[in-house]
Amino acid sequence: MSHKAGFVNIVGSPNVGKSTLMNQMIGEKLSIVTSKAQTTRHRIHGIVNDENYQIVFSDTPGVVNASYKLHEQMMSYVESSFKDADILLFITDIYESEMNHKETLERIKKLSIPVLTIVNKMDLGSQEQVEKRILYWKEKLPNAEVIPISALHGFGKEWVWQRILDLLPKGPAYFEKEDLSDRPVRFFVAEMIREKIFLFTDKEVPYCSQVDVNTYEEEENIIRIRATIVVERDSQKGIIIGKGGDMLKKIGREARKDIENFVGKQVFLQTFVKVDKDWRESEVKLKKYGY
Ligand SMILES: Nc1nc2c(ncn2[C@@H]2O[C@H](COP(=O)(O)OP(=O)(O)O)[C@@H](O)[C@H]2O)c(=O)[nH]1
Ligand SMILES: [Mg+2]
């Protein structure tokens, strides 16, 4: 059998389970997952290697109508994801009755590559409910194959996997076969801290936060990391720090556990908080923070 390789790109509305599915497919937590919409801000590649194939998954931010500069940047990642896909996984869930973002739907209709419509969170619905969604999407996107799954529980994963392998184009690998991602460890460290901010704080705070890894020093038995949480206002800084520093300690403690799991080594994590007024609105600042 000749070698297969290709880009499998995941798109869909916010909160339908794109990151959960990507983590399931690569068997490693690369993309952060929370119950809040718009957790994912970048395109994140996760690579699965086998002797006979290489699949480059890419998770994207949910499609939204852009209301500020960071959104525009996030949507451009989604756009690029349409362009280089060999297979598109369009994810929806049993609750999404209609696609809010019409342009994305139109865009998918015009694609000439294979599209799989994945109806996620089937564990939360009755069989009737799931069947209704399947019929709906078959009608909306007649060229796409519809697959019901539960990404959280791994149900239907093998089906998706088999279809991807069937549809993957023949070709040589794009990345080294040892690679798991094209992103450096520092990126994932920042993402794991950002996930805790999403989990533990509310309202606008997570959306106005950004994490910068300032130093990452690997010693024989320990990795020393200094990271700065950047927010937009003093009031948000107060919330991130919390009473007597409690919140910042909690974010740091929980993030450190995840980072230690990820790097397989003891970690010493120091976190700081800084205000950078309206960073989400400034092109220069977005660039500086890696968007
Ligand atoms: N019950 C259930 N929850 C799920 C499933 N897939 C994802 N979720 C949850 O839905 C929320 C959003 O998931 P996430 O992967 O971050 O969605 P994304 O915004 O599309 O990347 C999280 O709380 C997940 O745990 C599923 O199959 N069943
Ligand atoms: Mg996500």
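Our structure is the block above this text.
Keep in mind that this is a model prediction, so the values were computed, not measured. (Residues numbered from 1 in each chain as written. Chains lettered and ligands numbered in written order. Predicted model: local features only at pLDDT ≥ 70, side-chain atom pairs only at ≥ 80, totals over all residues. Heavy atoms only, no water.)

1. As for the packing of aromatic side chains
Each aromatic ring pair is described using two quantities: the centre-to-centre distance and the angle formed by the ring planes. Across all of its chains, the model carries ten aromatic pairs by this definition. With 5.3 Å between their ring centres and 45 degrees between their planes, Phe188 and Phe262 make a pair best called tilted. Residue Phe188 is located in helix α6 (residues 185-200), and its partner Phe262 is located in helix α8 (residues 246-263); the two are separated by 74 residues in the primary sequence. Since its relative accessible area comes to 3%, Phe188 is described here as buried. Measuring from centroid to centroid gives 5.7 Å for Trp279 and Tyr289, while their planes differ by 85 degrees, and the two rings are edge-to-face. On the criterion of sequence distance, the pair formed by Trp279 in the loop between β9 (266-275) and α9 (283-288) and Tyr289 in the segment after α9 is long-range, its members being ten residues apart. Comparing Trp279 with Tyr289, the two get one shared label, buried. Pairwise contacts between aromatic rings join Tyr53, Phe57 and Trp161 into one cluster. (Phe/Tyr/Trp six-rings, centres within 6.5 Å; stacked < 30°, edge-to-face > 60°. Helix = DSSP H or I, 4+ residues; strand = E, 2+ residues; numbered from the N terminus. Buried < 20%, exposed > 50% of the residue type's maximum accessible area, 1.4 Å probe, protein only.)

2. Remarks on the site of ligand 1
As a matter of local geometry, ligand 1 sits amid 16 residues, with Asn15, Gly17, Lys18, Thr20 and Asp123 nearest to it. Within the backbone of Gly17, a nitrogen or oxygen atom sits 2.9 Å from an oxygen atom of ligand 1. The contact in question runs from an oxygen atom of ligand 1 to an N or O atom on the backbone of Ser19, over 2.9 Å. Residue contributions to the shell around ligand 1 peak at three residues, all from helix α1 (residues 18-26). (Near = heavy atom within 4 Å. Polar contact = N/O pair within 3.5 Å; in protein donor to acceptor, adjacent residues only side chain to side chain.)

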